[in-house]
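Architecture and fold: a report
Listed below are the residues making up each chain.
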Amino acid sequence: DAKTTQPPSMDCAEGRAANLPCNHSTISGNEYVYWYRQIHSQGPQYIIHGLKNNETNEMASLIITEDRKSSTLILPHATLRDTAVYYCIVRVWGLGDNDMRFGAGTRLTVKP
Amino acid sequence: NAGVTQTPKFRVLKTGQSMTLLCAQDMNHEYMYWYRQDPGMGLRLIHYSVGEGTTAKGEVPDGYNVSRLKKQNFLLGLESAAPSQTSVYFCASRSFQGNYGYTFGSGTRLTVV
């Protein structure tokens, strides 16, 4: 799986959009971009994933650059409950071993 | 809708003792995983299973064994606990149908003294 690079920490004001970047310059054509988050002491929570098109769901939006070498997770109106570690992962869907490798992620702190 | 349930939630073991962590999912998922998370670090895959009766090693399998006798359960065993196995253990599952994310349990906090 391709490696990802994320900033170790970010701050965001409550009510503002939180934009979390992820670099994956060695991504292959069949690798998806996944985002998870982990709120303190809890298990990780799936947020969103995409291949090359931008994606949106009730939690967030995922913007993938045209060359697919980077992506941004957008939380449109961050709340205090969005304070968490956010993980960006790239992997091939459908592999027989099916494992998801988590790095250190970005610690997002939403401030009042 | 319990999702993924892990038992116990907390445990303290003495070095050399054995124990089994249980993961149960009620979503009829084919794939199940055990991860460990050490302080300030990301999750590392210990073992996983792609179906009942099958298991495979992950990134850090040494010192652990697993079994998947029933589709809904995935057991993680520590035969002789060591202080280095002090960690938070997370179980996850996912369906092989569709390109969906993993569902994680709430974790087991294990301390080996």
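Provided above is the structure to which this section pertains.
Residues numbered from 1 in each chain as written. Chains lettered and ligands numbered in written order. Predicted model: local features only at pLDDT ≥ 70, side-chain atom pairs only at ≥ 80, totals over all residues. Heavy atoms only, no water.

A look at the interface of chain B and chain A
Taken together, the contacts link 22 residues of chain B with 20 residues of chain A. Taking both sides of the interface into account, the surface hidden between chain B and chain A amounts to around 1,700 Å²; carbon and sulfur atoms contribute 49%. Linking chain B to chain A there are 0 salt bridges. Our count for the contact surface shared by chain B and chain A stands at 3 residue pairs in polar contact (both at pLDDT 80 or more). Those elements giving two or more residues to the side of chain B that touches chain A turn out to be β4 (31-37), β5 (43-51) and β9 (87-94) of chain B. For the side of chain B that touches chain A, the residue count by class is 12 nonpolar, 7 polar and 3 charged. (Contact = heavy atoms within 4.5 Å. Buried area = accessible area lost by both parts, 1.4 Å probe. Salt bridge = Lys/Arg side-chain N within 4 Å of Asp/Glu carboxyl O. Polar contact = N/O pair within 3.5 Å; in protein donor to acceptor, adjacent residues only side chain to side chain. Helix = DSSP H or I, 4+ residues; strand = E, 2+ residues; numbered from the N terminus. Nonpolar A, V, L, I, M, F, W, Y, C, P; charged D, E, K, R; others polar.)

Some remarks on the side chain of T106(A)
Tracing the sequence through the fold places T106(A) in strand β9 (residues 106-111). Residue contacts for T106(A): discarding those within four places in its chain leaves Q6(A), P7(A), P8(A), S9(A), M10(A), L20(A), A84(A), V85(A) and Y86(A).

As for unusual backbone geometry
A cis geometry characterises the amide bond from T7(B) onward to P8(B), with omega recorded as -5 degrees. Relative to the helices and strands, P8(B) is located in the loop between β1 (4-7) and β2 (10-13). Positioned with a positive phi, S41(A) is a non-glycine residue whose angle comes to about 70 degrees. For S41(A), the position within the fold is in the loop between β3 (31-38) and β4 (45-50). With a phi angle near 60 degrees, N28(B) is a residue other than glycine that sits in the positive phi range.

What to know about the nonpolar core
Residues and elements named next belong to chain A. In this structure, W35, L73, Y86 and L108 are the most contacted members of the largest nonpolar core, which totals 21 residues. At the level of secondary structure, the elements contributing two or more residues to this core comprise β2 (18-23), β3, β4, β6 (61-64), β7 (70-75), β8 (84-92) and β9. Broken down by element, the residue count for this core peaks at 4 residues, all from β8. Look past the residues within four positions of Y86 in its chain and what remains in contact with it is Q6, L20, W35, Y36, R37, I47, L73, L75, G105, T106 and L108. (Core = buried A, V, L, I, M, F, W, Y, C linked by side-chain atoms within 4.5 Å. Buried < 20%, exposed > 50% of the residue type's maximum accessible area, 1.4 Å probe, protein only.)

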